[in-house]
Each structure stands twice: as structure tokens, then as C-alpha cells.
Amino acid sequence: NAGVTQTPKFQVLKTGQSMTLQCAQDMNHEYMSWYRQDPGMGLRLIHYSVGAGITDQGEVPNGYNVSRSTTEDFPLRLLSAAPSQTSVYFCASSPKVSGFNSPLHFGNGTRLTVT
Amino acid sequence: AQKITQTQPGMFVQEKEAVTLDCTYDTSDPSYGLFWYKQPSSGEMIFLIYQGSYDQQNATEGRYSLNFQKARKSANLVISASQLGDSAMYFCAMREDSKLTFGKGITLSVRP
């Protein structure tokens with residue numbers, strides 16, 4: 001049971017480059033989300049999706065795009081990387097869209113450095 | 001205004017003793033869930049315990065318990081009989097409908 005899989009684990013980009021962080025889950029979860037973690041800031045929500053074809057913005061969406069063409073996949077795109085996007089990125093999913101009692105299952109994270 | 005507040009500085013506890021990690025929250029929604037996650041130095045996020053806003057009793061999961069005081073809007077995590085492996089960052093989080101909001105975390109160090 002793979003759970004939530006994120007790739008790559010590590011990435012170094014130069015300012016202005018683009019890339020996609022991949023996230024896939026095999027639990028048939030409706031809800032998927034992306035967080036970034038910065039020292040002293042906790043985890044902050046970037047984007048989330050309540051089902052295939054539906055996405056919405058979180059707390060810090062600027063500079064990031066997402067799409068949800070299938071239930072399993074929720075990629076995060078950086079169109080023009082900036083040093084401020086250096087962070088650890090977590091993808092997370094849960095079975096229920098609006099279940100306030102539904103914990104998130106996290107991937108192992110992607111450590112991104114933008115130089 | 002912050003929705004989840006974790007203000008304790010780094011916490012230290014002696015092995016085998018109990019420790020309480022504080023968390024206060026802010027919401028006007030009557031339906032919400034409170035969660036605690038552990039993040040060891042390896043970086044993964046591990047779900048520990050959940051408390052629902054309508055739950056009458058405090059949640060417990062093994063050595064973890066949640067001291068839920070709804071009127072005070074606090075959801076403190078109690079770890080009993082601390083172990084060296086409990087050394088980690090701990091995050092309190094609140095879920096309202098489709099969003100889970102995290103606090104900034106507390107670092108716990110367990111001394112042998």
C-alpha cells in the first residue's frame with residue numbers, strides 16, 4: 001500500500017526555471033492538497049482539490065498552479081521559480097471532501113531549493 | 001488573526017515523565033476537528049490523535065491524550081511516559097470543512 005507518493009524527493013532549480021512536483025495517491029481519496037513548510041512558519045496551504053476537475057486556492061497560492069485531471073494525481077507546477085519558493089513541499093490527501101473528522105495522509109515531502 | 005496558536009518555546013522533558021504541549025484555536029464554526037501531528041527529524045508527518053468539536057470525552061491513543069477544553073478553545077496534547085523517540089516537532093491543526101490549518105509547531109526534546 002503506497003499511500004501518498006511524491007516525486008522528486010530533492011530538487012534544485014535556478015531562478016526562472018519551471019518544474020512540476022508530482023503527487024499520486026492510491027487510496028481513492030477525494031481530497032488532495034499541497035502545503036509548504038518553512039522554518040518557524042508551520043505548514044501553509046497552497047492549493048487543494050475536492051475532486052477531479054475541481055481545484056481551489058489556499059493561503060499562499062501565488063506562483064503555483066495545480067490541476068486535477070484524475071482522482072489519483074495532483075501535480076503542483078512552478079512556472080517561474082523564485083528563491084522565495086525554496087521550501088519543503090508536502091502533498092496530502094483524505095477520503096472525505098468536507099469531513100472535519102478526516103485526518104490528512106501525507107507524502108514524504110519534496111525539498112526544493114531555488115538559487 | 002492566527003487560527004492555531006502554539007506559543008511554547010522548545011520543550012524539554014525527562015524520559016518516562018509526562019509532558020503537555022499547548023494549543024489554542026480560533027473558529028466560529030460549530031463543526032471542526034482538531035489534530036496533532038508529529039514530525040521527527042526524518043521529516044515525515046505522522047498523524048497522532050483527533051478530537052471532534054462534538055466529542056464529549058477527551059481523545060486518547062495509547063500514550064497520547066488530548067486535553068480538550070472547548071470553552072477555552074484549547075486542545076493540549078499530553079504525552080505520558082515520554083520516550084527518546086518522542087523527540088520531534090509537534091503540530092496542532094484544525095480542520096474546518098475542506099481546509100486544515102496548522103500551527104507553527106513545538107519542538108520537544110526528551111532527555112535520557
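This text goes with the structure placed above it.
Analysis parameters
Residues numbered from 1 in each chain as written. Chains lettered and ligands numbered in written order. Predicted model: local features only at pLDDT ≥ 70, side-chain atom pairs only at ≥ 80, totals over all residues. Heavy atoms only, no water. Contact = heavy atoms within 4.5 Å. Buried area = accessible area lost by both parts, 1.4 Å probe. Salt bridge = Lys/Arg side-chain N within 4 Å of Asp/Glu carboxyl O. Polar contact = N/O pair within 3.5 Å; in protein donor to acceptor, adjacent residues only side chain to side chain. Helix = DSSP H or I, 4+ residues; strand = E, 2+ residues; numbered from the N terminus. Nonpolar A, V, L, I, M, F, W, Y, C, P; charged D, E, K, R; others polar. Buried < 20%, exposed > 50% of the residue type's maximum accessible area, 1.4 Å probe, protein only. Pairing = 2+ DSSP bridges. Core = buried A, V, L, I, M, F, W, Y, C linked by side-chain atoms within 4.5 Å. Axes fitted to C-alpha atoms, helices over the stretch in contact; angles between N-to-C directions. Disulfide = S-S within 2.5 Å.

K.L.:
Break down the interface of chain A and chain B for me, with residues and values.
P.N.:
Interface size is often expressed as the accessible area that is lost when the parts come together. With 24 residues of chain A at the interface, the matching set in chain B holds 22 residues. Carbon and sulfur atoms supply 59% of the area that chain A and chain B bury against each other, a total of about 1,800 Å² over both sides. Our count for the chain A to chain B interface comes out at 0 salt bridges. If you look at where chain A meets chain B, you find 4 residue pairs in polar contact (both at pLDDT 80 or more). Secondary structure elements with two or more residues in the side of chain A that touches chain B: β4 (31-38), β5 (42-51) and β9 (87-94) of chain A. A per-element tally of the side of chain A that touches chain B places β5(A) first, with 5 residues. Of the residues belonging to the side of chain A that touches chain B, the class tally is 13 nonpolar, 10 polar and 1 charged.

K.L.:
Can you lay out the pairing of strand β3 (residues 19-25) of chain A for me, pointing to particular residues and giving the numbers?
P.N.:
Residues and elements named next belong to chain A. Where burial is concerned, the two faces of β3 differ: the one with M19, L21, C23 and Q25 is buried and the one with T20, Q22 and A24 is not. With 4 bridges connecting them, strand β1 (residues 4-7) and β3 associate as antiparallel partners. Residue pairing for β3: Q6 is matched across the bridge by C23. Sheet topology places β3 next to strand β8 (residues 76-78); 3 bridges connect them, and they run antiparallel.

K.L.:
Please set out the side chain of S74(B) residue by residue, giving values where relevant.
P.N.:
Relative to the helices and strands, S74(B) is located in strand β9 (residues 74-79). Here S74(B) falls in the buried class, since its relative accessible area comes to 6%.

K.L.:
Go over the nonpolar core with me, naming the residues and quoting the values.
P.N.:
The biggest cluster of nonpolar side chains holds 26 residues, and the ones touching the most others in it are L21(B), W36(B), L77(B) and Y90(B). Of all elements in the fold, only β2 (11-14), β3 (19-21), β5 (33-39), β6 (46-52), β8 (64-69), β9, β10 (88-96) and β12 (106-111) of chain B reach the threshold of two or more residues within this core. For this core, the element with the most residues is β10(B), which contributes 4 residues. Each residue touching L77(B), except ones within four places of it in the same chain, is listed here: V19(B), T20(B), L21(B), W36(B), L48(B), I49(B), Y64(B), S65(B) and Y90(B). Core analysis: the next-biggest nonpolar cluster, separate from the first, contains 19 residues, C23(A), M32(A), V60(A) and C91(A) among them.

K.L.:
Mind laying out unusual backbone geometry, listing which residues take part and the relevant values?
P.N.:
The omega torsion of the bond from T7(A) to P8(A) falls at -10 degrees, within 30 degrees of zero and hence cis. We note that A81(B) has phi near 45 degrees; this positive angle belongs to a residue other than glycine. Positionally, A81(B) belongs in the loop between β9 and β10.

K.L.:
Could you give me a rundown of the pairing of β6(B), with the residues and numbers involved?
P.N.:
Where β5(B) meets β6(B), 6 bridges bridge the pair, whose relative direction is antiparallel. Pairing of F35(B) across the sheet is with Y50(B), part of β6(B).

K.L.:
Before we move on, can you summarise the sheet that holds strand β7 (residues 64-66) of chain A with the specific residues and values?
P.N.:
In a beta sheet, neighbouring strands are held together by backbone hydrogen bonds and run either parallel or antiparallel to one another. All names here are of chain A. As summarised here, the arrangement of the 4 strands in space is β1-β3-β8-β7, forming an open sheet in which the pairing is antiparallel. Strands with a single pairing partner mark the edges of an open sheet, and in this sheet they are β1 and β7. Neighbour-to-neighbour, the strand axes of this sheet turn through a mean angle of 20 degrees, independent of strand direction.

K.L.:
Break down the state of the cysteines for me, citing the residues and quoting the values.
P.N.:
Among covalent bonds in proteins, the disulfide is the one between the sulfur atoms of two cysteines. All names here are of chain B. Counted under the stated rule, the structure contains 2 disulfides over all chains. Sulfur-sulfur distance for the disulfide between C23 and C92 comes to 2.0 Å. Every disulfide takes its handedness from the sign of the S-S torsion; for C23 and C92 that torsion is -65 degrees, giving left-handed. Separated by 69 residues along the polypeptide, C23 in the loop between β3 and β4 (24-25) and C92 in strand β10 bring together distant segments of the chain. Judged on exposure class, the residue C23 and its partner C92 are both buried.

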